[in-house]
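These are the residues of each chain, in order.
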Amino acid sequence: MSNDFSRRLIAEFRANGGELGGMFQGWSLAVLTTTGAKTGLRREVLLGYLELDGNGVVVASANGADRNPAWYHNIRRNPRVTVETGSDTYPAMAAIPRGAAYEKLFARVVEKAPGYGDYQAKTTREIPVVVLHRIDERVKGMGDWLVEVHQWFRGELRALREQADAVVGGSATAIVRPEPDLAQQMRARCLSFCTALRRHHGGEDSVVFPALAEQFPALAPVVEQLAAQHHVVARLQDAIRELVDGFVPGESDPVRLRAELERLAGELEAHFGFEERAVVTALNATAAAPPTA
């Protein structure tokens, strides 16, 4: 399909509320706007469009050609897209199922639109199926929950730093109850904080982020970077736990403890900020937030 012909079809599609005549009459279609993998420019393509389980679905069939279409390479680089169905326009994250999930989805696609099975028969290439997860800022998702968890960690670390400030400033006796003493309070808070953070990062590394990278190949380098940051944070946690566990008011060095807490706070804030910018949108689009009590 030439660029001029494609542009004319897209213009007709928009002018007629998603309807086309001639050879395309009666087809379910959508305009998918992607970001060029090489150019970074907006790219529009008219595609067959299905809806399965409430999500839009498009197929990188290229009419059975041996190469994936350009728009598919675009979403592998940047999965954020815009979808126009004629009656609805919405932003989405384009996910690429793999393995058993792909096989099941492709079978459903062929059941609904048998022509895609014919295209697959024409090529040895496994024709990708892309699921368009709507980005709806009105609905709270897994990404929003992640930000809330980060806020809790920020608050706990802030409290630890305030306790260290009190010791450095020599004012601990004015703000701490006789039992438990300041050192006991710090140990308890540090243990709670470090245990929760380690579990949180462990869950991200073992479950959440691998699944995200599998669905969105463009996020694979981001996931690797986040995992590396987790190791840096873990080493700082170990150093702080050692200092807090051995902390004795009047004998241990509170300035060193405060400095280590500052280092952890700086690394953790940079990590949280990067993570929130990189994955919150994708998490919101693909997973609901866990229930709260």
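Before reading further, recall that the structure is shown in the block above.
Quick summary incoming for the structure in this document. (Residues numbered from 1 in each chain as written. Predicted model: local features only at pLDDT ≥ 70, side-chain atom pairs only at ≥ 80, totals over all residues. Heavy atoms only, no water.)

1. Some points on helix 1 (residues 3-15)
Inference 1: Over its 13 residues, helix 1 runs 18 Å from end to end, which matches the ideal 18 Å to within 8%, given 1.5 Å per residue.
Inference 2: Buried within helix 1 are the following residues: S6, L9, I10 and F13. Here the buried residues of helix 1 occupy an arc of 100° about the axis, which is enough to place them on one side. Away from its buried face by more than 90 degrees, helix 1 exposes R7, R8 and A15.
Inference 3: Structurally, helix 1 contributes buried residues whose contacts are with strand 1 (29-35), strand 2 (42-48) and strand 5 (80-84).
Inference 4: G17, located one to two residues past helix 1, shows a positive phi value of around 60°. (Helix = DSSP H or I, 4+ residues; strand = E, 2+ residues; numbered from the N terminus. Expected span 1.5 Å × (residues − 1). Buried < 20%, exposed > 50% of the residue type's maximum accessible area, 1.4 Å probe, protein only. Arc of directions from axis to C-beta. Contact = heavy atoms within 4.5 Å.)

2. Here's the deal with unusual backbone geometry
Inference 1: Despite not being glycine, D53 has its phi angle at roughly 55°, a positive value.
Inference 2: On the secondary structure map, D53 appears in the loop between strand 3 (50-52) and strand 4 (55-59).
Inference 3: Of the residues examined, D53 reaches a relative accessible area of 64% and is grouped as exposed.
Inference 4: The phi dihedral of A62 falls on the positive side, at around 50°, and the residue is not glycine.

3. Overview of the packing of aromatic side chains
Inference 1: Within the structure shown, the criterion is met by 7 aromatic pairs.
Inference 2: An angle of 25° between the planes, with centres 5.8 Å apart, marks the rings of Y102 and F106 as stacked. Linking Y102 with F106, this pair stays in helix 3 (residues 99-112), spanning 4 residues, or about one helical turn.
Inference 3: Judged by its relative accessible area of 12%, F106 falls in the buried class.
Inference 4: In this arrangement the basic side chain of R134 is found over the ring face of Y90, its NZ or CZ atom lying 3.9 Å from the centre. (Phe/Tyr/Trp six-rings, centres within 6.5 Å; stacked < 30°, edge-to-face > 60°. Lys NZ or Arg CZ within 6 Å of the ring centre and 35° of its normal.)

4. Brief notes about the side chain of H200
Inference 1: As for its position among the elements, H200 is in helix 7 (residues 182-215).
Inference 2: With relative accessibility at 13%, the residue H200 sits in the buried group.
Inference 3: Setting aside residues up to four positions removed in sequence, H200 forms contacts with L146, V149, H150, F153 and E275.

5. Side note on the pairing of strand 5
Inference 1: Two strands pair when backbone bridges link them, and strand 1 and strand 5 are joined in this way by 3 bridges, in the antiparallel orientation. Each bridged residue has a counterpart across the sheet, and for V31 the counterpart in strand 5 is E84.
Inference 2: Sheet topology note: the strand 5/strand 6 (residues 89-95) ladder contains 5 bridges and is antiparallel. By the bridge assignment, V83 is partnered in strand 6 with Y90.
Inference 3: Remark: 4 residues form the turn of the hairpin made by strand 5 and strand 6, two consecutive strands paired antiparallel; G86 in that turn has positive phi of roughly 100°. (Pairing = 2+ DSSP bridges.)

Read these as geometric descriptors, not functional statements.
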